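Each chain is listed here by its residues.
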Amino acid sequence: MKSKVFTHGAKALLQDLWESMRSEPGRVGLSFLAVTLGTVALVALLSVLGNLSDRARQVVDALGANVFAVGPVFGRSSERPADLRAHHVALLRAALPDCEISAIRRTTVPMGGVDDWTQVTLVDEHLAAVRGWRLERGRFLDRADLVDRQRNAVISRDLSSKLRITLGNSVVLDQIPFTVVGILGVDMGSAKVGTGDDPGLWGTAAGIYIPVTTPVERSWMPFSEISRVHQIFVKAPPAVEISSVVAAVQRLFRDPSLAMGDLEYVTPESMLVQVRRIQNTVRVAGGSVAFLCLVLGGTTLMSLMVANVRDRIPEIGLRRALGATGKDIAMMFVVEACLVTGAAAFVGSAVGVTVLWIARSQFDAPLSMSLSVVLVPFLVSILLGGVFAYWPARQAAGITPAEALRNE
Amino acid sequence: MAPFVLEMKDVWKSFSSPAGQVDVLRGVSLSVGVGEFVMVTGPSGSGKSTLLNLVALLDRPSRGRVVFDGVDVTGDDETLLSDLRKHKVGTVFQRFCLLPRRSALENVLFRFRYLEMAPAEALSRSRAALAEVGLEYAADRPARLLSAGEMQRVAIARAVALRPVLLVADEPTGNLDKAATLEVMKCLQRLNGEGLTILMVTHNEGLLPFASRHTVCGSGILTEVSGHMMMAGTCDVEKKD
């Protein structure tokens, strides 16, 4: 006799299960397929949700600690969007002397080496400090750049690597060369989300920052736009609640004499609300799909288990006649279901991770990969197998030996 | 060991049906002594299988008392019944109840599935049981490829591999032709000769010569017909000792 002699214990149980699975390949295959699909769906859902959570963190990081932004209502219809100007920034600096304040203006220009027009942000020397940006190389624009109206630029890491531009090289904006004095260390394109459709708030992957005092060509910006401000960033002192500073700014700009239009205040909290709204939408939509897939898999499994129990009644009778208790019989069916779902969950997780990896690497899909993305669907599927097998297993355990053998 | 392997006293078994309660066994009393070969015959629906289920501890009586190997098994203790079935009862079924994909030897080994026994010992006992029914040559053959007579002998080997106190056989020749029937009956007779107590249910009265006692089951009542080999003259299967 070969080595496969198992009379009792886990190995004997596994041998029994292997035997029964081999005898019903179609049935087992169908359950396997359903649970695999459910697991893939759950892996994808968790990956999307995980990515949104990552984004929520990035949003706060990108905005800066204790920082909020004020700007005209952007991307939404407003009857009277605010017309923010440089003198409003001066007013704010005077009213909030303890806060660090930076203002930006945006424009788009044709750029050498880039197919399309690119966005250029005109900034003061405070922006990097207010936003908490770190420089990968070089320095940020300083007071001298602004006073001397230097044609210097700071560019994003993405742009630097895309155009192979490094410190001391030039970026040519509408045929005017700007010398690169710094490369930002933050990934400017990754944190754009929700209200942050405003690229000025987040920067862009191809971000270029030049001094706000640099003379710009008339074609870049009409004269009326020269003093316009698209965004003001306010960094509250560490000991001060950001909400109280927001309230102070709101009070100031509500002054009727300023005749200020509609403003939007973007705080870390409001950004998180946006992210959470998206998270909830994905959770409900994706969760429903994943839940349906898994329940479908589970109910398929359950119906197959019921049929399995019915077909194996004589075998149940034999086992009972040989001394198996109802518990032994129930355990056999539950373990069998858990094994099928476990194997399906393993394959589903592997397929899910492969699909995610391809989606991320080939299509730059916003997906998160972590251990929980794989582990949670795996465990949920096994649990589901146990839950959905419980009832058929109980039915099997409830069949008396005499009744089972009568079916023989 | 108790003087009787089995004692049933005034045992009733009733089932509910849409028409009301049906009494399948009505006050049956039966004692099976050590080493006896008791054959229960009777027409279909007479309660033979119900009686066999009670004897094999596969079911419980509605009323009355059943003592198996000195243990009162009338109560509701499922664990006790499972335990006795596991260790002391061997059962042979009309349709063999073999696992078709497993070999003859693996089917016999299955007898030990719910017992904690060293695999080597289980293997040796299984081989011995197969030898006892003359099937060593088919040990590695899948059960589905065996003849009906061989299948039933594998089932007998499985039932006796653990040396049960009582072998219960439910129409063991019901699906067999004459030659296979003879094979199986000779096998049972040999086991009985070695001291194994057997209770067999059959509708084939031609097999009575193999038994030491004959009891007829009719309308839920047992009637003792004969003592040792009283029916030898009516055997329709050639009996060779």
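Scroll up a little and you will see the structure.
Owing to the predicted nature of the structure, the values given are computational and were not obtained by experimental measurement.

About the cut-offs
Residues numbered from 1 in each chain as written. Chains lettered and ligands numbered in written order. Predicted model: local features only at pLDDT ≥ 70, side-chain atom pairs only at ≥ 80, totals over all residues. Axes fitted to C-alpha atoms, helices over the stretch in contact; angles between N-to-C directions. Helix = DSSP H or I, 4+ residues; strand = E, 2+ residues; numbered from the N terminus. Parallel < 35°, antiparallel > 145°, perpendicular 65-115°, else oblique. Left-handed = near helix turned anticlockwise from the far one by under 90°. Contact = placed C-beta atoms within 7 Å. Nonpolar A, V, L, I, M, F, W, Y, C, P; charged D, E, K, R; others polar. Expected span 1.5 Å × (residues − 1). Bend = angle between axes of the 7 residues up to and from the residue. Buried ≥ 20, exposed ≤ 12 C-beta atoms within 10 Å, placed from the backbone. Arc of directions from axis to C-beta. Pairing = 2+ DSSP bridges.

**Student:** Describe the packing of helix α9 (residues 268–311) of chain A against helix α11 (residues 326–363) of chain A, listing the residues and the values that go with them.
**Tutor:** All names here are of chain A. Axis separation between α9 and α11 bottoms out at 11 Å; the angle between their running directions is 140°. Compared by their axis directions, α9 and α11 come out oblique. Handedness of the α9/α11 crossing: right-handed. On α11, the residues that touch L301, M305 and V309 of α9 are F333, A337 and T341. Classifying every residue of the contact of α9 with α11 by side-chain character gives 5 nonpolar, 1 polar and no charged.

**Student:** Requested: an account of helix α12 (residues 371–398) of chain A, with residues and values cited.
**Tutor:** Its 28 residues place the ends of α12(A) 40 Å apart at the C-alpha level, agreeing with the 40 Å of an ideal helix rising 1.5 Å per residue. Taken as a whole, α12(A) carries its principal kink of about 40° at Y390(A); the proline P392(A) stands between one and four residues after it.

**Student:** Break down helix α4 (residues 119–132) of chain B for me, citing the residues and quoting the values.
**Tutor:** Residue and element names in this part refer to chain B. For α4, which comprises 14 residues, the first-to-last C-alpha distance of 20 Å matches the rise-based estimate of 20 Å (1.5 Å per residue) to within 8%. Along α4, the positions that sit buried rather than exposed are A122, R125, S126, A129 and L130. Take α4 and look down its axis: the buried residues cluster within an arc of 140°, on one side only. Summarising the geometry of α4, the exposed residues directed more than 90 degrees from the buried face are A120, E121 and S124. Structurally, α4 contributes buried residues whose contacts are with α3 (104–109) and α5 (148–160). Of the residues one or two after α4, G134 is the one with positive phi, at around 70°.

**Student:** Explain the pairing of strand β3 (residues 117–123) of chain A to me, and be specific about the residues and the numbers.
**Tutor:** In regular strands, side chains alternate between the two faces of the sheet. Residues and elements named next belong to chain A. In terms of residue burial, β3 counts as a mostly covered element, since 5 of its 7 residues are buried. With 7 bridges connecting them, strand β2 (residues 100–110) and β3 associate as antiparallel partners. Counterpart to V109 in the pairing with β3 is T118.

**Student:** Could you give me a rundown of the sheet that holds strand β4 (residues 63–68) of chain B, with the residues and numbers involved?
**Tutor:** All names here are of chain B. Sheet architecture is open: 4 strands sit in the order β2-β1-β4-β5, paired in antiparallel fashion. Every interior strand has two partners, whereas the edge strands, β2 (20–33) and β5 (71–72), have only one. With 2 bridges connecting them, β4 and β5 associate as antiparallel partners. For F68, the partnering residue across the bridge sits in β5 and is V71.

These values are about where atoms sit, not about what they do.
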